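The residues making up each chain are set out below.
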Amino acid sequence: MRFTLTTWNINSVRLRIDLVAKFIKAVRPDVLCLQETKCIDDAFPLKRFKRLGYEHVALNGQKGYHGVAIVSKIPFESSDVRTFCGKVDSRHISVAFGSKAQIADPLIVHNFYVPAGGDIPDPALNPKFEHKLSFLDEMRDCEPLHPKPADRHILVGDLNVAPHEHDVWSHKQLLKIVSHTPIECEKLLGIQAQGNWIDVARQRIPLSEKVYSWWSYRSADWSAANKGRRLDHIWVSQALGDSVRDFKITRDARGWERPSDHVPVTAVLDV
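Residues numbered from 1 in each chain as written. Predicted model: local features only at pLDDT ≥ 70, side-chain atom pairs only at ≥ 80, totals over all residues. Heavy atoms only, no water.

Another point: the UniProt feature "site: Transition state stabilizer" (unreviewed entry) in the protein. Cross-referencing UniProt, the feature "site: Transition state stabilizer" (unreviewed entry) maps to Asn-160 in the present numbering. Assignment of secondary structure puts Asn-160 in the loop between strand S8 (153–158) and helix H4 (171–174). With relative accessibility at 8%, the residue Asn-160 sits in the buried group. When residues no more than four places from it in sequence are discounted, the contact partners of Asn-160 are Tyr-113, Val-114, Pro-115, Ala-116, Lys-132, Ser-179, Glu-184 and Leu-231. (UniProt positions renumbered as here; feature names shortened; annotations may be inferred. Helix = DSSP H or I, 4+ residues; strand = E, 2+ residues; numbered from the N terminus. Buried < 20%, exposed > 50% of the residue type's maximum accessible area, 1.4 Å probe, protein only. Contact = heavy atoms within 4.5 Å.)

This part is about the sheet that holds strand S14 (residues 265–270). Spatially, 6 strands are ordered S3-S4-S2-S1-S14-S13 in an open sheet, and the strand pairing comes out mixed. What marks the edges here is a single partner per strand, and that holds for strand S3 (56–60) and strand S13 (244–249). Sheet twist, expressed as the average angle between the axes of neighbouring strands with direction ignored, equals 10 degrees. Inspection of the sheet shows strand S1 (residues 2–9) paired to S14 by 6 bridges, in the antiparallel sense. Among the inter-strand pairings, Leu-5 is bridged to a residue of S14, identified as Ala-267. (Pairing = 2+ DSSP bridges. Axes fitted to C-alpha atoms, helices over the stretch in contact; angles between N-to-C directions.)

So, on to the layout of surface pockets. When its volume is computed, the largest pocket comes out at roughly 1200 Å³. In terms of lining, the largest pocket is formed by 40 residues, of which the most central are Ala-116, Gly-118, Asp-119, Trp-214 and Arg-218. When residues of the lining of the largest pocket are traced back to their parent elements, those giving at least two are helix H3 (127–141), strand S10 (214–215) and helix H7 (222–225). Looking at the lining of the largest pocket, the element that brings in the most residues is H3, giving 3 residues. Class assignment of the residues belonging to the lining of the largest pocket gives a composition of 14 nonpolar, 12 polar and 14 charged. (1 Å grid on protein atoms, 1.4 Å probe; cavity = no way out; pocket = protein on both sides within 12 Å on 5 of 7 lines; lining within 4 Å. Points joined across faces, edges and corners; volume = space filled by probe spheres on them. Nonpolar A, V, L, I, M, F, W, Y, C, P; charged D, E, K, R; others polar.)

Okay, the packing of aromatic side chains next. For the structure on display, the rule yields 11 aromatic pairs. Ring-pair connections join several aromatic residues into one group, and the members of that group are Phe-3, Phe-76 and Phe-97. Directly above the ring of Trp-169 sits Lys-227, whose terminal nitrogen or CZ lies 4.6 Å from the centroid. (Phe/Tyr/Trp six-rings, centres within 6.5 Å; stacked < 30°, edge-to-face > 60°. Lys NZ or Arg CZ within 6 Å of the ring centre and 35° of its normal.)

Once that is clear, we can look at the pattern of salt bridges. Using the criterion set out here, one finds 13 salt bridges in the structure. When the shortest N-O distance is used, the salt bridge between Asp-199 and Arg-230 registers 2.8 Å. Of this pair, Asp-199 sits in strand S9 (residues 198–199) while Arg-230 sits in the loop between strand S11 (228–229) and strand S12 (232–236), placing them 31 residues apart in sequence. Using a relative accessible area of 6% as the deciding quantity, one classes Asp-199 as buried. Classification of Arg-230 by relative accessible area gives buried; the value is 1%. Overlapping salt bridges, with partners in common, bring together Asp-137, Arg-140, Asp-141 and Lys-187 in one network. (Salt bridge = Lys/Arg side-chain N within 4 Å of Asp/Glu carboxyl O.)

A word on the packing of H3 against helix H5 (residues 182–194). Running from amino to carboxyl end, H3 crosses H5 at an angle of 15 degrees, the nearest separation of the two axes being 8 Å. Considering their axes alone, H3 and H5 lie roughly parallel with respect to each other. Seen from above, H3 lies across H5 with left-handed handedness. Between H3 and H5, the residues in contact are Phe-129, Lys-132, Leu-133, Leu-136, Asp-137, Met-139 and Arg-140 and Ile-183, Glu-184, Lys-187, Leu-188, Gly-190, Ile-191 and Gln-194, respectively. (Parallel < 35°, antiparallel > 145°, perpendicular 65-115°, else oblique. Left-handed = near helix turned anticlockwise from the far one by under 90°.)

You will see that Cys-85, though not glycine, has its phi angle at about 60 degrees, which is positive. If you trace the backbone, Cys-85 turns up in the loop between strand S5 (78–80) and strand S6 (92–97). The backbone phi angle of Asn-226 is positive, close to 55 degrees, even though this residue is not glycine. For Asn-226, a relative accessible area of 28% gives the class partly exposed.

Under the feature "site: Interaction with DNA substrate" (unreviewed entry), the UniProt entry names His-262. Along the chain, His-262 falls in the loop between S13 and S14. His-262 has contacts with Trp-8, Asn-9, Asp-158, Ser-213, Trp-214, Leu-231 and Asp-232, leaving out every residue within four places of it along the chain.

This model, assessed by the stated rule, comprises 0 disulfides. Sulfur of Cys-185: no disulfide; nearest cysteine sulfur belongs to Cys-85 and is 19 Å away. Under the relative-accessibility criterion, Cys-185 is labelled buried at 9%. (Disulfide = S-S within 2.5 Å.)

Time to look at H3. In this model, H3 (15 residues) spans 21 Å end to end at C-alpha, consistent with the 21 Å of a helix rising 1.5 Å per residue. Residues of H3 that are buried: Phe-129, His-131, Lys-132, Leu-133, Phe-135, Leu-136 and Met-139. Contacts made by the buried residues of H3 are with strand S7 (107–113), S8 and H5. In this structure Asn-126 caps H3, since a side-chain oxygen of it lies 3.0 Å from the backbone nitrogen of Lys-128. (Expected span 1.5 Å × (residues − 1). Polar contact = N/O pair within 3.5 Å; in protein donor to acceptor, adjacent residues only side chain to side chain.)

Here it is as structure tokens:
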């Protein structure tokens with residue numbers, strides 16, 4: 001079965017539902033994982049998604065902040081929510097696909113929104129950065145994120161870390177900027193190593209090439225300046241490593257009217 005999955009930090013699903021609809025109509029992913037939905041579950045635009053063909057929805061929402069969702073054209077067997085750092089702040093949801101979707105071997109999709117971490121890269125001075133580092137540590141130690149050799153898992157989301165030199169516009173200038181500090185990069189790559197995950201973007205795009213999925217709102221001309229970072233990720237377990245057929249970052253979405261500062265990231269797999 002050909003399986004298309006997109007991750008997108010939408011920065012308010014209600015405000016940008018028309019942009020989501022525009023993307024969905026063009027790409028038609030089987031599964032769309034959203035972060036920063038910024039609404040309680042009862043306010044999520046379910047009817048609009050169902051009209052678009054996405055009848056299967058798993059939500060972990062929160063009023064005005066954070067929030068993650070998975071919307072799907074194909075049915076899933078179950079969903080699960082995990083909390084990290086003792087906070088109920090809507091940063092994770094997962095779903096399991098199986099026989100209902102005519103998928104023979106179980107397929108688990110994890111959707112994460114890692115804390116941004118504030119502006120000061122010092123946990124002693126910045127509680128938000130301390131929270132981010134603790135969150136990454138708990139992800140590393142989370143048993144469900146350690147797939148066994150035969151397990152078919154996908155981990156996606158706004159992980160808020162650009163871990164490699166060419167995941168940012170200037171490695172030298174961003175070493176002391178939250179999202180690319182050495183400690184964050186080390187911790188994110190530690191999660192990847194602990195779970196033996198494959199970073200789909202860097203499986204298909206050499207480490208020597210610049211790759212971005214986020215451009216700041218602060219730039220007057222984001223496209224010309226092109227000061228981006230790769231904060232949005234799709235990882236697959238080893239059992240799916242040879243199943244990836246395509247990968248795309250929809251850069252044009254950053255130039256749409258009233259856009260998110262993140263753009264959709266899509267992978268196509270044979271499952």
